[in-house]
Amino acid sequence: MIDRDAFGRMLDESARLLLENAEVLSDIDSKFGDGDHGITITKIAKLVQEQVAGWDPDQSIKDFLDDLGMAAMAVRGGSAGPLYGTMIGGLGVHLADDESAIDADAARRMFAGCLAEMQDITNAQVGDKTMMDALIPAVEAAQTCASDDPAAVFAAAAEAAEAGAKASEGFASKFGRARSYGDQTIGTPDAGAVSTSLFLRGLAGGVSH
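Rules used in this analysis
Residues numbered from 1 in each chain as written. Predicted model: local features only at pLDDT ≥ 70, side-chain atom pairs only at ≥ 80, totals over all residues. Heavy atoms only, no water. 1 Å grid on protein atoms, 1.4 Å probe; cavity = no way out; pocket = protein on both sides within 12 Å on 5 of 7 lines; lining within 4 Å. Points joined across faces, edges and corners; volume = space filled by probe spheres on them. Helix = DSSP H or I, 4+ residues; strand = E, 2+ residues; numbered from the N terminus. Nonpolar A, V, L, I, M, F, W, Y, C, P; charged D, E, K, R; others polar. Salt bridge = Lys/Arg side-chain N within 4 Å of Asp/Glu carboxyl O. Buried < 20%, exposed > 50% of the residue type's maximum accessible area, 1.4 Å probe, protein only.

### Regarding the layout of surface pockets
So, step 1. Here the largest pocket is characterised by a volume of approximately 710 Å³.
So, step 2. If you go around the largest pocket, you meet 32 residues; those closest to its centre are Asp 29, Ser 79, Gly 176, Asp 190 and Gly 192.
So, step 3. At the level of secondary structure, the elements contributing two or more residues to the lining of the largest pocket comprise α2 (22–32), α5 (80–90) and α9 (191–206).
So, step 4. If you tally residues by element for the lining of the largest pocket, the top one is α2, at 4 residues.
So, step 5. Its residues assigned to classes, the lining of the largest pocket shows 13 nonpolar, 12 polar and 7 charged.

Put into structure tokens, the structure is as follows:
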């Protein structure tokens, strides 16, 4: 079981990884985008750190994720704020108000809720060179992970997200500013897919911290 404090450490590790790779993310984004993905991700990562540090002891994991998601949506800097806000908030959608810890079933529900919320705002699929190239495989891996250890569910998701982000190098952009470059984008990974894989790797790595 992953209790509230442990989940806070998981989020902190996600924020640390995102901050550590912010320049890399902006560099990737500069190839065919606005070049500011790392800047926006830095704002989101710092927000995560601030919110975790100030987590009200009486606030459930579900409510915390909802509030964190709403706060991330308000982060300015292109589409990353709304997308990350939806993804983070979505992690809590299928949790019960009184769930004080995350077991393997809850972890799978978190990923299912996250994808459902994202699919409400985007119709991007694997192969479209977006953050969904990392998220969809991650959710599928979480759902098919039969382990009763929640850490294993997060690890499976992270591994699949990283493979998905790597695979995005072979796709042509079909969304956003990069879409106008078409096949020229082949060979460069999607910045959103990479940052999503980092976020999920942080959750997985933070379990053991």
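### Some thoughts on the pattern of salt bridges
Side chains that carry opposite charge are capable of pairing whenever their charged atoms lie near each other.
So, step 1. Here the structure, examined in full by the defined rule, presents 8 salt bridges.
So, step 2. The shortest N-O distance in the salt bridge between Glu 20 and Arg 16 comes to 2.8 Å. Of the two residues, Glu 20 and Arg 16 both sit in helix α1 (residues 4–20), 4 residues apart, roughly one turn of that helix.
So, step 3. By relative accessible area, Glu 20 is classed as exposed at 53%.
So, step 4. The partly exposed category is assigned to Arg 16, whose relative accessible area is 37%.
So, step 5. A salt bridge links Arg 201 to Glu 162; the nearest nitrogen and oxygen atoms lie 2.7 Å apart. Residue Arg 201 is found in helix α9, and its partner Glu 162 is found in helix α8 (residues 150–167); the two are separated by 39 residues along the sequence.
So, step 6. A residue is classified by how much of its surface remains accessible, and Glu 162, at 33% relative accessible area, is partly exposed.
So, step 7. One salt-bridge network, in which partners are shared between bridges, spans Glu 13, Arg 16 and Glu 20.

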